[in-house]
Amino acid sequence: MAKNWYILHTYTGYEQKIERTIRLRLESKEIDPSVVTDVRVPVEELIEVKDGKQRVRKNKFLPGYLMIEMDLPELEWKKTCTALKSIQGVTGFVGTNPSDRPRPISADEAKNLLQKAGAIKGEKPVRVRQTFSVGDQVKIVDGPFATFSGTVDEVNVEKERLRVVVQIFGRATPVEVSLSQVEKI
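Residues numbered from 1 in each chain as written. Predicted model: local features only at pLDDT ≥ 70, side-chain atom pairs only at ≥ 80, totals over all residues. Heavy atoms only, no water.

A.B. asks: Which residues make up helix 3 (residues 107–116), and what values go with them?
C.D. replies: Every α-helical turn comprises 3.6 residues, leaving residues that sit three or four positions apart pointing alike. Along helix 3, the residues that are buried comprise Ala 110, Leu 113 and Leu 114. Projected down its long axis, helix 3 shows its buried positions confined to an angular sector of 95°, all on one face. Looking at the buried residues of helix 3, the elements they touch are strand 1 (4–10), strand 2 (36–40) and strand 5 (65–70). (Buried < 20%, exposed > 50% of the residue type's maximum accessible area, 1.4 Å probe, protein only. Helix = DSSP H or I, 4+ residues; strand = E, 2+ residues; numbered from the N terminus. Arc of directions from axis to C-beta. Contact = heavy atoms within 4.5 Å.)

See the structure below:
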């Protein structure tokens with residue numbers, strides 16, 4: 001037996017409630033804590049810039065799903081799976097028929113999801129909510145070009161960067177800035 005991560009499908013919006021229910025059942029030994037070792041709702045931190053203020057909020061990047069780390073036994077797996085599926089709001093495991101043994105996700109997939117959620121030690125990724133498009137009028141609020149205004153020329157979503165054309169000494173000059181350094185006018 002080896003620990004693997006599984007994806008449990010739930011009703012959207014009930015993820016935290018189901019996570020709490022699983023944790024309570026683990027404490028009361030209704031679900032064997034040696035089998036289910038961890039439960040997580042995959043969330044990421046998202047920075048929104050509104051009115052010149054940065055707000056950090058948590059965003060579920062897999063709404064309707066929970067990650068469960070289990071050391072599923074070969075023979076008694078149905079007992080644990082039935083206990084999990086009997087929780088109100090749980091529809092089943094992803095990728096399997098209800099009567100079949102659940103299949104774990106690959107180690108790489110689990111690592112990527114846990115990194116995105118900030119569960120693995122190291123730098124926790126924080127994503128900036130991208131609300132800009134080419135042609136938008138923006139004001140730079142941070143960095144060396146603070147107080148300059150300009151027009152968005154290019155949006156790079158992967159790198160979370162913008163190229164903004166600003167007027168410096170009467171000439172149109174492209175400046176590359178982070179999404180968190182600008183706000184719409």
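A.B. asks: Tell me about the environment of Val 152, and please be specific about residues and values.
C.D. replies: Mapped onto the secondary structure, Val 152 falls in strand 9 (residues 149–156). Along the sequence, Val 152 and Ser 133 sit 19 residues apart, while their C-alpha atoms lie 6.9 Å from each other. Sequence-distant contacts of Val 152, defined by excluding residues within four places in its chain, comprise Ser 133, Val 134, Gly 135, Asp 136, Val 138, Leu 162, Arg 163 and Val 164.

A.B. asks: Any chance you could break down the environment of Pro 174 for me, citing the residues and the numbers?
C.D. replies: Mapped onto the fold, Pro 174 is located in strand 11 (residues 171–178). Distance from Pro 174 to Glu 154, taken between C-alpha atoms, is 9.7 Å for residues 20 residues apart in sequence. Apart from the residues within four sequence positions on either side, Pro 174 is in contact with Arg 163, Val 164 and Val 165.

A.B. asks: Quick one: what's the story with the side chain of Glu 15, residue by residue and with numbers?
C.D. replies: Structurally, Glu 15 can be placed in helix 1 (residues 15–27). Classification of Glu 15 by relative accessible area gives buried; the value is 0%. Within polar-contact distance, the side chain of Glu 15 engages the backbone nitrogen of Gly 13 at 3.1 Å. Among the polar contacts made by the side chain of Glu 15, one reaches the main-chain amide nitrogen of Gly 64 at a distance of 2.4 Å. Apart from the residues lying within four places of it in its own chain, the contact partners of Glu 15 are Thr 10, Val 41, Lys 60, Pro 63, Gly 64, Tyr 65 and Leu 66. (Polar contact = N/O pair within 3.5 Å; in protein donor to acceptor, adjacent residues only side chain to side chain.)

A.B. asks: A description of the side chain of Ser 178 should follow, citing residues and the corresponding values.
C.D. replies: Within the secondary structure, Ser 178 sits in strand 11. Once you skip the residues sitting within four places of it in the chain, Ser 178 turns out to touch Glu 160 and Arg 161.

Read these as spatial facts, not as claims about activity.
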